Amino acid sequence: MRKILNKVGTFFTTFFCVIAFVLSGIALILYVPIDYIKYKKSPYYKIERRKYEVFGATGQGFKLYNIIVKNNLPIKYISNPKDEGINGWFVYDKTLIVIAFGCWSYDGNTWVFNVGADDECDEEQADSDFTLDDHIESEISDANQGAGEIICEDAVVLIKSSEIANPNEFLKEAQKDDRFIVYEDDIAAALKKFIDKKSLCR
């Protein structure tokens, strides 16, 4: 009886795995043409002329590039000479604009990286060994080394308010911090504000 149950269990497990694989394949076949058309019509492709990669129109770098071009913002995009994808750098006035990943928490003194998922920002999951200053220093170093020249001397992190742990308590703190460009939904408006602020400081 146990052998029969094991065989039945194995059959259904295999069956559902095959179904999941087929459905994923169908979804991929249906979505890729849409993504391809979106990519080909984008300002990024028309300017950079980079070869399409699967899901090329879904990346945050791709979206940011198009926002910058469509809003005629004076932010320079520097292609990565070692990468054919959209993995270059966005620079304004020697300041690198870094797209945030994951969540950030404030411990009352400094910002630390949060290992929680984007929709599960939990202050208790913060990694106190990786601070915002560490992140900025690392990004500046990687960008200058990757580009083969000094393209930036400073950096700011472009972050959505939902990527801040406990935003009701710490959002204002992030908005006051010059190391962050905080936005809700309008990235262009946040970038314009950043540019205006930099211009006044010259």
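Quick caveat, the model's predicted, so the values are computed rather than measured.

1. Observations regarding the pattern of salt bridges
Enumeration over the complete set of coordinates arrives at five salt bridges. Across the pair Asp185 and Lys160 runs a salt bridge, and its minimum N-O distance is 3.8 Å. With Asp185 in the loop between strand 8 (180–183) and helix 6 (187–200) and Lys160 in strand 7 (residues 154–160), this residue pair connects regions lying 25 residues apart in the sequence. Among the ionic contacts, a cluster of salt bridges with common partners joins Asp133, Asp177 and Arg179.

2. Details of the packing of aromatic side chains
With the rule as written, the count across this model stands at 15 aromatic pairs. Ring plane angle 85° and centroid distance 5.1 Å describe the contact between Tyr36 and Tyr52, whose orientation is recorded as edge-to-face. With Tyr36 in helix 1 (residues 2–40) and Tyr52 in the loop between helix 2 (43–48) and helix 3 (60–70), this residue pair connects regions lying 16 residues apart in the sequence. Exposure remark for Tyr36: the relative accessible area of 36% places this residue in the partly exposed category. On the basis of an interplanar angle of 45° and a centroid distance of 4.9 Å, the ring pair of Tyr106 and Trp111 is categorised as tilted. For the residue pair Tyr106 and Trp111, the accessibility class agrees, reading buried in each case. By the ring-pair criterion, three or more aromatic residues cluster together here, those being Tyr36, Tyr39, Tyr44, Tyr45, Tyr52, Phe62, Tyr65, Tyr77 and Phe90.

3. Structural notes on the sheet that holds strand 2 (residues 89–92)
Ordered in space as 1-2-3-7-8, the five strands form an open sheet in which the pairing is mixed. Edge positions in the sheet fall to strand 1 (76–78) and strand 8, since each of these pairs with one other strand and no more. Ignoring which end each strand starts from, the neighbouring axes of this sheet average 30° apart. Where strand 3 (residues 95–99) and strand 7 come together, five bridges link them in parallel fashion.

4. Concerning the side chain of Thr110
Tracing the backbone shows Thr110 in the loop between strand 4 (103–106) and strand 5 (111–114). Setting aside residues up to four positions removed in sequence, Thr110 forms contacts with Ser105 and Thr131.

5. Details of unusual backbone geometry
If you check the backbone angles, Asn72 has positive phi at about 55° while not being a glycine. Relative to the helices and strands, Asn72 is located in the loop between helix 3 and strand 1. A positive phi angle, close to 65°, is found at Lys94, a residue other than glycine. Tracing the sequence through the fold places Lys94 in the loop between strand 2 and strand 3. For Lys94, a relative accessible area of 38% corresponds to the partly exposed category.

6. Some words on the pairing of strand 8
Neither face of strand 8 is open: one carries Phe180 and Val182, the other Ile181 and Tyr183, and all of them are buried. You can see the chain leave strand 7, run along helix 5 (residues 167–176) and come back into strand 8, and the turn it takes is right-handed.

Conventions adopted
- Residues numbered from 1 in each chain as written.
- Predicted model: local features only at pLDDT ≥ 70, side-chain atom pairs only at ≥ 80, totals over all residues.
- Heavy atoms only, no water.
- Salt bridge = Lys/Arg side-chain N within 4 Å of Asp/Glu carboxyl O.
- Helix = DSSP H or I, 4+ residues; strand = E, 2+ residues; numbered from the N terminus.
- Phe/Tyr/Trp six-rings, centres within 6.5 Å; stacked < 30°, edge-to-face > 60°.
- Buried < 20%, exposed > 50% of the residue type's maximum accessible area, 1.4 Å probe, protein only.
- Pairing = 2+ DSSP bridges.
- Axes fitted to C-alpha atoms, helices over the stretch in contact; angles between N-to-C directions.
- Contact = heavy atoms within 4.5 Å.
- Right-handed = clockwise from strand over helix to strand, strands pointing away.

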